[in-house]
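Close look at the chain arrangement
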Amino acid sequence: TVTIDPKDFTRLALDPHEDGVWIVTLNRPDKRNALDLATVEELVTFFSTAPRAGVKAVVLAGAGDHFCAGLDLIEHHDADRSPADFMHVCLRWHEAFNKMEYGGVPVIAALQGAVVGGGLELASSAHVRVMDQTTYFALPEGQRGLFTGGGATIRVADLIGKARMIDMILMGRVYQGQEAVDLGLAQYIVEGSSMDKALELARRAAENLPLTNFAICSAISHVQNMSALDAAYAESVVAGIVNTQPDARARLAAFADKSAARVRPNS
Ligand code: 1HE
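Residues numbered from 1 in each chain as written. Predicted model: local features only at pLDDT ≥ 70, side-chain atom pairs only at ≥ 80, totals over all residues. Heavy atoms only, no water.

So, unusual backbone geometry
How we decide: The buried label applies to any residue whose accessible area, calculated with a 1.4 Å probe on protein chains only, is under 20% of its type's maximum; exposed applies above 50%, and partly exposed to all values in between.
Unusually for a residue other than glycine, Arg32 sits at a positive phi of about 55 degrees. Of the residues examined, Arg32 reaches a relative accessible area of 43% and is grouped as partly exposed. Backbone geometry places Asp80, a non-glycine residue, at a positive phi of 45 degrees. Asp80 sits in the exposed class, given a relative accessible area of 66%.

Notes on the site of the ligand
This is how it is decided: It suffices for a single heavy atom of a residue to lie within 4 Å of a molecule or strand for the residue to be listed as near it. Under the rule applied, a polar contact is a pair of N or O atoms within 3.5 Å (in protein, one hydrogen donor and one hydrogen acceptor; residues adjacent in sequence only if both atoms are side-chain atoms). In this description, accessible areas are obtained by the Shrake-Rupley approach with a 1.4 Å probe, and a residue is regarded as covered only by the protein chains that are shown. The helix and strand labels rest on DSSP assignments: H or I over at least four residues marks a helix, E over at least two residues marks a strand, and numbering proceeds from the N terminus. Gly is placed with the polar residues, together with every amino acid not listed as nonpolar (Ala, Val, Leu, Ile, Met, Phe, Trp, Tyr, Cys and Pro) or charged (Asp, Glu, Lys and Arg).
If you check the shell around the ligand, you find 26 residues, and the closest are Lys31, Arg32, Leu73, Gly118 and Arg144. Between the ligand and Leu71, the relevant distance is 2.8 Å, taken from an oxygen atom to a main-chain nitrogen or oxygen of the residue. Relative to its unbound accessible area of 1,000 Å², the ligand is 69% covered by the protein chains. Secondary-structure elements contributing two or more residues to the shell around the ligand are α2 (73-79), α3 (83-102), β5 (114-116), α4 (118-123) and α5 (141-144). Across the shell around the ligand, the residue classes tally to 13 nonpolar, six polar and seven charged.

Describing the domain arrangement of the chain
Put simply, the test is: Note that the domain bounds reflect an automated or database-derived domain assignment. What makes two residues a contact is simply this: any of their non-hydrogen atoms within 4.5 Å. Each of two parts loses accessible area, computed with a 1.4 Å probe, when they are put together; buried area is these two losses added. One speaks of a salt bridge when a side-chain nitrogen belonging to Lys or Arg is within 4 Å of a carboxyl oxygen belonging to Asp or Glu.
According to the domain assignment, the chain consists of domain 1 (6-206) and domain 2 (210-256). Distance between the C-alpha centres of domain 1 and domain 2: 26 Å. Between domain 1 and domain 2, the contact holds ten residues from the first and seven residues from the second. Summed over both partners, the interface of domain 1 with domain 2 buries about 690 Å², with 54% contributed by carbon and sulfur atoms. Our count for the domain 1 to domain 2 interface comes out at zero salt bridges. Of all the secondary structure elements, the ones that give two or more residues to the side of domain 1 that touches domain 2 are α3 and α9 (194-206). Residue composition of the side of domain 1 that touches domain 2, grouped by class: five nonpolar, three polar and two charged.

Digging into the nonpolar core
Quick note on the threshold: In plain words, nonpolar cores are sets of buried Ala, Val, Leu, Ile, Met, Phe, Trp, Tyr and Cys residues tied together by side-chain atoms within 4.5 Å.
In terms of nonpolar packing, the biggest core is built from 50 residues, with Phe46, Leu122 and Phe137 touching the most fellow members. The residues contacting Leu122, other than those within four sequence positions of it, are Leu26, Leu35, Leu43, Leu60, Phe67, Phe97 and Met100.

Here's the deal with the sheet that holds strand β9 (residues 188-189)
Selection criterion: For two strands to pair, DSSP has to find at least two bridges joining them. Simply put, an axis is a line fit to the C-alpha atoms, just over the touching stretch for a helix, and the angle between two N-to-C directions goes from 0 to 180 degrees.
Spatially, six strands are ordered β1-β2-β3-β4-β6-β9 in an open sheet, and the strand pairing comes out mixed. The sheet terminates laterally at β1 (12-16) and β9, the two strands that pair on one side only. Pairing of strand β3 (residues 57-62) with strand β4 (residues 107-111) involves three bridges; the strand directions are parallel. Directly across from Val58, in β4, lies its bridge partner Val107. Here helix α1 (residues 37-49) sits on the sheet and contacts β1, β2 (21-26), β3 and β4; the angle it forms with β1, its principal contact strand, is near 25 degrees.

Things to note about the packing of aromatic side chains
Quick note on the threshold: When two rings of Phe, Tyr or Trp (its six-membered ring) have centres within 6.5 Å they constitute a pair, described as stacked for plane angles under 30 degrees, edge-to-face for angles over 60, and tilted for the intermediate range.
Going through the model one piece at a time under the given rule, you end up with three aromatic pairs. Their ring planes at 50 degrees and their centres at 5.8 Å tell us that Trp22 and Phe46 sit as a pair that is tilted. Note that Trp22 is positioned in strand β2 and Phe46 in helix α1, a separation of 24 residues in sequence. Looking at Phe46, the relative accessible area reads 0%, which means it is buried. Of the aromatic side chains, those joined through ring pairs into one cluster are Trp22, Phe46 and Phe47.

Remarks on a nonpolar patch on the surface
Applicable threshold: Residues form patches when they are more than 30% accessible in relative terms and have no salt bridge. Like charges link within 9 Å. Nonpolar side chains (Val, Leu, Ile, Met, Phe, Trp, Tyr) link within 5 Å.
A surface patch of nonpolar side chains, about 490 Å² in accessible area, is lined by Leu211, Phe214, Tyr233, Val237 and Ile241. Sorting the residues of the nonpolar patch by element identifies α10 (210-224) and α11 (228-242) as the ones contributing at least two each. Ranked by residues supplied to the nonpolar patch, first place goes to α11 with three residues. Note on placement: Leu211 falls in helix α10.

Examining the packing of helix α6 (residues 152-160) against helix α7 (residues 162-171)
Our working definition: With respect to orientation, any angle under 35 degrees is reported as roughly parallel, any angle over 145 as roughly antiparallel, any angle of 65 to 115 as roughly perpendicular, and every other angle as oblique. Whether a crossing is left-handed or right-handed is set by the direction in which the near helix is turned from the far one by less than a right angle, anticlockwise for left-handed and clockwise for right-handed.
Interaxial distance between α6 and α7 falls to 7 Å at its minimum, and their mutual angle equals 120 degrees. Looking at the two axes, α6 sits oblique to α7. Crossing of α6 against α7: the hand is right-handed. Of α7, the residues touching α6 (which contributes Ala152, Thr153, Val156, Ala157 and Ile160) are Lys162, Arg164, Met165 and Met168.

This is the structure:
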């Protein structure tokens, strides 16, 4: 079996819980968790391995007052990269973020403070985003003489629509509070700690069967990239496997013998 040793990681703090939920924390708070190459490589390693290492759900967090300040602008400035160099940097970001989105393990982002630039690209690769009252979203690339390179044109446009994304990056517009939820940048906003809520959600997700979560956290994203004809085919194949899994028998039996919880409206 594949194992993940938290001691192998320096940029990420890894905290595995007994229920299979892992808290993965960007751990450079004095740099506002800016994404340097080393951090991205650790994200690639973790999210490439997690689906085979028994990780049932992940809470992705940032240490300190800010979730993530995006691309490490100092490293980028000092490296004075060629176009080919930076293309390869972006490809490593895509490797990490695609492993998150398509890996089949639920990833719940616990957000606070700045979720900006590449930090928003990272957050938008999670399956669920929880924000607190301090959280704000922006794409400062426009003002910095840069462009997004970590998937914002794909995922941020998907979350909020093309026109709003263009406005965000063109004007440096900042979204926060309930408006950010209404637009789709986050699914939950809490008065207290986004970590507490994200952990609660990760634990709930981890109670689903792993194969079911694999389908939810990979097939839905893959299917979005397909024609309707191929999507219907792929969905049928995935449902064929998931909906006949032996582990689902007990849950179906519980429904049949009326011991399973019924679906009710919130009280
Ligand atoms: C950084 C970075 C960074 C902070 N790269 N070092 N991203 C941005 O344009 C966001 C830039 N950052 C900020 O606007 C602010 O730092 C924050 C709003 C996130 C936080 O403000 P604050 O007042 O708490 O911190 P600070 O004093 O600005 O920064 C504290 C330290 O973090 C300082 O380092 P120090 O060694 O001088 O103490 C900063 O240099 C460092 N720091 N942010 C490097 N981003 C694949 S393309 C993706 C394109 C992008 O992501 S563009 C980047 C957009």
